[in-house]
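What follows is the residue order along each chain.
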Amino acid sequence: MRTATRHRLEAAWQALRQWLGATVLPAQCALCGIGCPQVLCPPCRAQYLGQIQPRCRQCANPLDDVATLCGRCLRHRPAYDATVTAFDYAAPVDQLLLQLKFGARLALAPLLAELLHVAIQQQPVWEAPQLLCPVPLGPARLAERGFNQALEIARPLARLLDVPLQPRLALRVRDTRAQSGVAPQERQANLAHAFAIAPEHAPSLQECHVGIVDDVMSSGHTVNALAAACKSAGAARVSILVVARTPPH
């Protein structure tokens, strides 16, 4: 009897908490601040997210036509083979990533993973990777921030895709300056020899299709350096799964 009563009380308390969260104490939309039970309100989602636009299938830069590759990828093929992104890194949706990365709003990570998963499902041609690898942070950056935003996004994304996550597949063997603070012409050199594949995981990369997960892709040098390390270790294909893509200037 006591056990049944306790279960009823727990169920009632859970129902009360859900009611309070949805009515009396609603959450706030991460973009507009309006009270709503979701992290992102339906009007903001409809207005700012979900629009399909032509993109280069290799680097995900926007295209004006239906060409499959942009001129830059035709001239200089990167180490990765394909890129999928959820949206352009521009106001106001860039706030979702800024709040996660610099505001430690880790509750936004599942939303960003969901938006990226929707973008993946919209791809006309999609070959699922055999494992996911988040872009690693260096020890100093990880200690300063306290978490790796790429890993926080990769965890729920792996569950949505039903793909194994290998959070320790890649190592950042050289601390580098933040790419945002490096001149464009110096960014490639800044990432030189920054990544390595953990020796214990190298055998699993032979002829493997790796999905590299990150929050933002700007110049592409970071994911390209990691893709090159994966290819050098034996990976047959590398796809970049990134929440936002910075449009070219």
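Figured I'd write up the structure that's included with this text. (Residues numbered from 1 in each chain as written. Predicted model: local features only at pLDDT ≥ 70, side-chain atom pairs only at ≥ 80, totals over all residues. Heavy atoms only, no water.)

### Describing the sheet that holds strand S6 (residues 237-245)
- Across the sheet, which stays open at both edges, the four strands sit in the order S1-S6-S5-S2 with parallel pairing between neighbours. The open sheet has two edge strands, strand S1 (82-88) and strand S2 (131-134), and neither has a second partner. Averaged over all adjacent pairs, the angle separating strand axes in this sheet is 20 degrees, with direction ignored.
- Across the sheet, helix H5 (residues 108-121) lies against S1 and S6, angled at about 125 degrees from S1, the strand it touches most.
- Lying on the sheet, helix H9 (residues 221-232) is in contact with S2, strand S5 (209-217) and S6; it crosses S5 at an angle near 165 degrees. (Pairing = 2+ DSSP bridges. Helix = DSSP H or I, 4+ residues; strand = E, 2+ residues; numbered from the N terminus. Axes fitted to C-alpha atoms, helices over the stretch in contact; angles between N-to-C directions. Contact = heavy atoms within 4.5 Å.)

### Observations concerning unusual backbone geometry
- Residue Pro92 is bonded to the preceding Ala91 through a cis peptide linkage, with omega at 0 degrees.
- Here Pro92 lies in the loop between S1 and helix H4 (94-103).
- Unlike most non-glycine residues, Ala104 shows phi in positive territory, near 55 degrees.
- Its place among the elements puts Ala104 in the loop between H4 and H5.
- With a phi close to 60 degrees, Glu207 is a non-glycine residue in the positive phi region.
- Looking at the element boundaries, Glu207 is found in the loop between strand S4 (195-197) and S5.

### Points about the side chain of Gln149
- Its place among the elements puts Gln149 in helix H7 (residues 149-161).
- Judged by its relative accessible area of 5%, Gln149 falls in the buried class.
- Beyond its immediate stretch of four places on either side in the chain, Gln149 contacts Leu100, Lys101, Leu137 and Asp215. (Buried < 20%, exposed > 50% of the residue type's maximum accessible area, 1.4 Å probe, protein only.)

### Re the nonpolar core
- Phe87, Leu112, Leu132, Ile153, Leu157 and Leu241 are the most contacted members of the largest nonpolar core, which totals 36 residues.
- Going through the elements one at a time, S1, H4, H5, H7, S5 and S6 are the ones with two or more residues in this core.
- In terms of residues, this core owes the most to one element, H5, which gives nine residues.
- Excluding residues that lie within four positions of it along the chain, Leu157 makes contacts with Ala113, Leu116, His117, Ile120, Leu132, Val213 and Leu241. (Core = buried A, V, L, I, M, F, W, Y, C linked by side-chain atoms within 4.5 Å.)

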